Amino acid sequence: MSAAPAASDGPQPADRPARFSRGWWTMLTPRPTAVAVVAFAVCMIATPFVTRPVGPALAAAVVAGVLLDAALTLAPWRVAVRRESPAVVVLGRSAQLRWTLDAGARHGQVRSWFEDALAPSLGVGRRRHAVRLRPGATSEVLDEITPWRRGTFQLGEIAVRVAGPLGLATRQHTRVITDTLEVHPAFPSRDRTLLRLERERLLTAGAHLSRAIGGGTDFDHISEYRPGDDVRRVDWAATARRGHPVVRRYRVERDRTVLVLLEHGRASATVVDGVPRLDHGMDAAMALLTAATEVGDRGGLMAYAGSVTATVAPARRGDQVARAARSLHTLEPQLVEADHRRAFATAAAQQRRRALLVIITDLGAAAAVDGLTAALPVLTSRHEVVVASVRDPAVEQVADHSPDDALAAHQAAGAARVLERRRTAAARVSALGARVIDAPPLVVAEQLVDLYLDLKGRGRA
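Residues numbered from 1 in each chain as written. Predicted model: local features only at pLDDT ≥ 70, side-chain atom pairs only at ≥ 80, totals over all residues. Heavy atoms only, no water.

Caption draft 1: Quick peek at the overall build of the chain. For the chain, the count of helices and strands is 13 helices and 21 strands. The C-alpha radius of gyration computed for the chain amounts to 33 Å, which surpasses the reference 23 Å derived for 461 residues by more than 25%, pointing to a less compact arrangement than a globule. Residue burial in the chain is summarised as follows: out of 461 residues, 47% are buried. Considering only intrachain contacts with a sequence separation of at least 6, the fraction spanning at least 24 residues in the chain is 74%. When the accessible surface of the chain is totalled, it reaches about 22,800 Å², and 54% of it is carbon and sulfur. Computed over 61 positive and 47 negative side-chain charges, the separation of the two mean positions in the chain equals 6 Å. (Helix = DSSP H or I, 4+ residues; strand = E, 2+ residues; numbered from the N terminus. Rg over C-alpha atoms; globule rule 2.2 N^0.38 Å. Buried < 20%, exposed > 50% of the residue type's maximum accessible area, 1.4 Å probe, protein only. Contact = heavy atoms within 4.5 Å. Areas by Shrake-Rupley, 256 points an atom, 1.4 Å probe, with all protein chains shown as cover. Lys, Arg positive; Asp, Glu negative; His and termini not counted. Charge placed at Lys NZ, Arg CZ, Asp CG, Glu CD.)

Caption draft 2: Spotlight on the pairing of strand β17 (residues 298-304). With six of its seven residues buried, β17 lies for the most part within the structure. As defined by bridge partners, β17 adjoins strand β18 (residues 308-315) across five bridges and the pair is classed as antiparallel. Considered in β18, the bridge of Leu-301 is made with Val-312. Hairpin connection of β17 to β18: three residues between the antiparallel strands. (Pairing = 2+ DSSP bridges.)

Caption draft 3: Examining the sheet that holds strand β20 (residues 384-390) more closely. Strands sit in the order β18-β17-β14-β19-β20-β21 across an open sheet of six strands; the sheet is mixed. The open sheet has two free edges, formed respectively by β18 and β21 (435-439), since each of these has just one partner strand. Sheet twist, expressed as the average angle between the axes of neighbouring strands with direction ignored, equals 15°. Strand direction decides the pairing type here: strand β19 (residues 356-360) and β20, joined by five bridges, are parallel. Pairing of Ile-359 across the sheet is with Val-387, part of β20. (Axes fitted to C-alpha atoms, helices over the stretch in contact; angles between N-to-C directions.)

Caption draft 4: Structural view of the packing of aromatic side chains. Under the criterion given, the structure shown has two aromatic pairs. Taking the centre distance of 5.4 Å and the plane angle of 55° together, the rings of Trp-99 and Phe-114 count as tilted. Highlighted residues: Trp-99 in strand β5 (residues 95-102) and Phe-114 in strand β6 (residues 110-116), separated in sequence by 15 residues. Of the two residues, Trp-99 and Phe-114, neither departs from the other in class, the shared state being buried. Ring centres 6.2 Å apart and planes at 70° place the aromatic pair Tyr-304 and Phe-344 in the edge-to-face group. (Phe/Tyr/Trp six-rings, centres within 6.5 Å; stacked < 30°, edge-to-face > 60°.)

Caption draft 5: Representation of helix α13 (residues 443-457) within the structure. Taking 1.5 Å per residue, 15 residues should reach 21 Å; α13 reaches 21 Å between its end C-alpha atoms and fits that length. Residues of α13 that are buried include every one of Val-444, Ala-445, Glu-446, Leu-448, Val-449, Leu-451, Tyr-452, Leu-453, Leu-455 and Lys-456, and no others. Where the residues of α13 are buried, they touch α4 (190-203), β14 (257-263), α6 (277-295), β19, β20 and β21. (Expected span 1.5 Å × (residues − 1).)

Caption draft 6: A nonpolar patch on the surface, seen in detail. On the surface, Ile-45, Phe-49, Val-50, Val-54 and Leu-58 cluster together to form a nonpolar patch covering roughly 500 Å² of accessible area. For Ile-45, the position within the fold is in helix α2 (residues 34-46). By relative accessible area, which is 59% here, Ile-45 ends up exposed. (Patch = residues over 30% accessible without salt bridge, like charges linked within 9 Å, V, L, I, M, F, W, Y side chains within 5 Å. Salt bridge = Lys/Arg side-chain N within 4 Å of Asp/Glu carboxyl O.)

Limitation: the analysis is restricted to geometry and does not speak to function.
Okay, here's the thing in structure tokens:
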């Protein structure tokens, strides 16, 4: 999910502000430095203790020095600035920003500062940087960002402040350097998913998954019956001829469709292990899409709440997971009950052939489960359906903890009711023909990948 860095053109000086504009007045107005302020304060404090004209004269001299220094200061709009930033950053990972400044060769050494107006959620290290600009040379400043919020961020204003040669005044100019930075969802289960896929490849060495023997529809050969084989695959004519049970073996087809339906309604806003439930669902979705892409199936995604909000058409592409991450990076929980019926009808209309549909939702909300079970037959009548839900391990800990006071007993009873409600919901979903995975964060992704590989090996996906 990496992308080439995006950089503004330059470094080029900013356009000179129009005369008498706000930017022109801002740039022209001198800003006294700390040295000038302290000197002026000392002169004013000393006025009662010195000869009458001396104190005011010294204060006036300081003011004159500030004005002179401002007049001699390099116009800040002449300082060329370039920002280099990555186009994409993964949530929670660090990335580097680079600023390049150049004051040209017509001036001596210049002390300057610049401040980039970056959003706080990008987790920038420092907002203000001091730079000493030398004639005919460029200066580079590096810093890291570690974003803690997903989304698309517009990087815009950079304020440049230049100090005068006397150190008494500075002048400032703000210019807009437009860059766009996308923060994509985290994928903490990526390494575990790839490890599972590698293990599967080792176990099936010598036989590609596209030709694995399972419950597909393409006939491969006949072999002896083994315990655990599907009795519906028994070839009774061949069994009568040979005198012992034989079964028909089929090839598992490639290019099957795996569609993830990610629900981001009201329940997805709850926090599990310090992370929104929706982000855990995104992790599980990307883990399954990674597995489908590696195996050779067509993976796709549909996000929905009150309506379908994001789609990634099923395809066999190497960048399919990156496409899914980009479609999800601006997704936020919607404080409405999810319309499962509408989303499932849309998915059923798009998927005419039998496919593996994975619904990532929450089984803890009674109202949501009622809507889910009412709409589920739309999918289970034709497709292989899996319902995955993230369970809060903190609730299990409270339920399993032996209470030592009335409050702890009340909390344990509440946690037990929550777990019982989830088990009841899982049983209702299973009764409708769907498989259920209800597990803690990360474990959901692991079990989902394992189930997919198992279904793939048996020709069910």
